[in-house]
Amino acid sequence: MTESTSTAESEHIARAPTARELGADRAFKWATRICAALSGVLVALIVILIAKQAMPAILKYGPHFVVSKKWDAGKGQFGILPEIFGTLLSSAIGAGAAGVFGVATAVFLTEGFIPRWLEHALQSVITLLAAIPSVVYGLWGIFVVIPALRPPCNWLHGHFGWFPLFSTPLLSVGLLPASLVLMIMILPTVTAISRDAIAAVDPLLREAAFGMGATRWETILGVTLPASRRGIYGSLVLGLGRAMGETMALAMLVGSANVISPSLFSPADTLAALLANKFPEAASPLDLGALMYAALVLLALTLLVNVAGELVMRQRPRGGTPVSATGATK
Amino acid sequence: MTQPASNSVGAHAPAKLDLALLERSLRRPRTLFSFCSSVLCAVLALLAAVPLFSVLLMLIWRGAARLGPALFTQLPPAAGMPGGGIGNAIVGTVLVVAFGSALSIPLGLLVGIYLAEINPDGGLASVVRFCAKLLTGLPSILAGVFAYSTVVLLTGRFSPLAGGVALGILMLPIITLTTEEALRSVDSEMRDAAIGMGATQSEVVADILLPTALPGVLTGILLALARGAGETAPLLFTMTFSDYWLSRHVMEPTASLAVLIFNFSKSPFDNQKQFAWAASLVLVFIVLIFSVGGQILSRRAAKLSGAIHS
């Protein structure tokens, strides 16, 4: 108090902001607002620009592009039905397999099967799977997965060749190795999201099931998984979206063959792989337009699936809030 | 009282208690089912971990053969030629990731600050948040298509700048969302105290929130760097490839590790295949450093915020 002089006011730590600080504050807020708007506009810009580039091809080929099977740049014939088929089939197989492995892993990591530190270690290993670049998985697929798959697949083809799924031999690249590597690549996504969903299930539900004499797996299958199913569905849909857009591993493993075959071992093609393989050598504007059209279809498919995934995830899981303990009957 | 049968059983139960019934026996179908499911679950979970080790082992086994000073200082070998290195690809990768970071880090930080602090509940915020989530799911090749139809067509050439724009788009949502989350986890009492002392909101962000949330923010940046360094697809037709060192004139096709791996993986020559593996080893090493660093930081960030809250 005694030290209070004319300079004291500026020495106080707490004081009202000066006009300059208020101005800086306002400028900063506007900067963040503009950046936020920019990042929102970016998504629209991506859609619009790709659509604009695709316009010549859209006008020329129309909806026929999506159902036609031919891709012949020399004759100016373009169709992406095999690519759409390959994209959907490979990502469905990948997401299905990742669902089995991912949910099993998520259960294994949350339901107290192993000590905590082991749970953390396994979790880190699964997370690191996501860190390996796609192109390295492609390389690994060529030199490890395909040689490992070839004998059993060709045995299946030899003995059960009449079955449509095994109707061609696995020469080198093909749909099955590509789908398997896809599965590995989306496994971390599926595991992480379903793990969070399962961990978020109210422990009271689980304890109630145990209390009624359920075994561990009766509890998991009857209570825990149903209560966390929204998160699990969401993880699968987001994994599917990721799989549909996955490029490099597929470009290296799927075979870039413009065919529709029911066989798992046949080479196939996906939209993303088509872009990766054909874009660098696209010569004419029409070529480029057709590729942009394919890009637009891929964009529409992935946006659709991702929006669906976000919407599923947004809904609150049922059974999250238990009946209050005091209200228990009998 | 409507179930006299169960009542009578209940009354007689203590007398008939069979201790063998209480034992955990695999001969009972329910227990057996539970046991088998546990085994199956464990097998599936452990199988899920196999690919990582297989990839790492292959990288070390096939890639280490080429490790040496030449790997970092020489140019990639032409078809059928012996020797060589991947020096230009390493330089190219560093450069394009730097371009991507220069675009996405400032933008991502500012957007994250807007979402967490400036107007978290507004309409713009929810739109931006939704867009960021959609961008996370954007196929990387489409980021490349976008960069091609903007930068490459505008400048008329393939360049690290175009590659950087594509990578920036992929890195942006990661930085945005992790920054938002990190800022939100800061205790609101610190915020209130600073505002109560007359700090403006931007001063609170710059002097209180960002330093406190630094581990979380850095996690996002590291994860984004890991993602950017590993991406190949968008570089295929934005930056393409070059067999030579980057000249002083930066706007030209440039090599990158990722595209080198892709190109050489299809090569019939053993020497080039070996370089594909060696480049993979280097690339995975870089990516894992960022990624593991990010994980460690995020664990520390979680511990920090836990300590403050408790």
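So, how was this worked out
- Here the residue numbers are simple positions, counted from 1 along each chain's written sequence.
- Note on labels: chains are lettered from A, ligands numbered from 1, in written order.
- Residues qualify for local features only when their pLDDT is at least 70, as the model is predicted, and side-chain atom pairs are given and counted only at 80 or more; totals for whole chains, interfaces and linings, by contrast, use all residues.
- Only runs of H or I of at least four residues qualify as helices and only runs of E of at least two qualify as strands under DSSP, and these elements are numbered from the N terminus.
- Radius of gyration here uses only the C-alpha atoms, and the compact-globule reference equals 2.2 Å multiplied by the residue count raised to the power 0.38.
- Our exposure labels follow a C-beta count within 10 Å of each residue's own C-beta, placed from the backbone: buried means 20 or more other C-beta atoms, exposed means 12 or fewer, and partly exposed covers the counts in between.
- The contact criterion used here is simple: two residues whose C-beta atoms, placed from the backbone, lie within 7 Å are in contact.
- Expected span of a helix: the number of residues minus one, times 1.5 Å.
- Two axes define the bend at a residue: one fitted to the seven residues ending there, one fitted to the seven starting there, and the bend is the angle between them.
- Each residue is assigned to one of three groups, with Ala, Val, Leu, Ile, Met, Phe, Trp, Tyr, Cys and Pro labelled nonpolar, Asp, Glu, Lys and Arg labelled charged, and all others, Gly among them, labelled polar.
- For every residue, the predictor states its confidence as a pLDDT score lying anywhere from 0 to 100.

Colleague: So, the overall build of chain B: which residues are in play, and what are the values?
Modeller: Looking only at helices and strands, one finds 13 helices and zero strands in chain B. Across chain B, helices and strands are ordered from the amino to the carboxyl terminus as α-α-α-α-α-α-α-α-α-α-α-α-α. Relative to the 2.2 N^0.38 estimate, which gives 19 Å for 310 residues, the radius of gyration of chain B is 28 Å and therefore markedly larger than a compact globule would have. Along the three orthogonal principal directions, the C-alpha set of chain B runs to about 95 × 65 × 35 Å. Sorting the 310 residues of chain B into buried and exposed places 49% on the buried side. Counting only contacts in chain B whose residues sit at least 6 apart along the sequence, the fraction spanning at least 24 positions is 74%.

Colleague: Explain helix α7 (residues 140–155) of chain B to me, and be specific about the residues and the numbers.
Modeller: With 16 residues, α7(B) extends 22 Å from end C-alpha to end C-alpha; this agrees with the ideal 22 Å at 1.5 Å per step. The principal kink in α7(B), of about 35°, is found at B:Y148. Next to the buried residues of α7(B) lie α2 (19–61), α12 (271–278) and α13 (285–314) of chain A together with α8 (160–184) of chain B. Phi for B:G156, located one or two positions after α7(B), is positive at around 75°.

Colleague: Account for the interface of chain B and chain A, with residues named and values stated.
Modeller: Listed by partner, the interface residues are 71 residues for chain B and 76 residues for chain A. A total of 18 residues in the side of chain B that touches chain A trace back to one element, the largest contributor, which is helix α3 (residues 29–63) of chain B. Of the residues contributing to the side of chain B that touches chain A, the split by class is 47 nonpolar, 21 polar and three charged.

Colleague: Give me the confidence of the model for chain B: which residues, what numbers.
Modeller: Residues and elements named next belong to chain B. Averaged over all residues, the pLDDT of chain B equals 87, while 92% of them reach at least 70. The element-level mean pLDDT for chain B is lowest in helix α1 (residues 4–16), coming to 50, with α8 highest at 95. Overall fold confidence for the complex sits at a pTM of 0.87, while the interface term, ipTM, reaches 0.86.

Colleague: Could you give an account of helix α5 (residues 87–118) of chain B, naming the residues involved and the relevant values?
Modeller: Structurally, the α-helix is built with 3.6 residues per turn, so residues lying three or four positions apart point the same way. Residue and element names in this part refer to chain B. In a regular helix each residue adds 1.5 Å, so 32 residues correspond to 46 Å; α5 covers 45 Å between its end C-alpha atoms and thus fits that length. At S101, α5 shows its strongest bend, of approximately 30°. Taking burial as the measure, the 32 residues of α5 include 25 buried ones, the bulk of the element.

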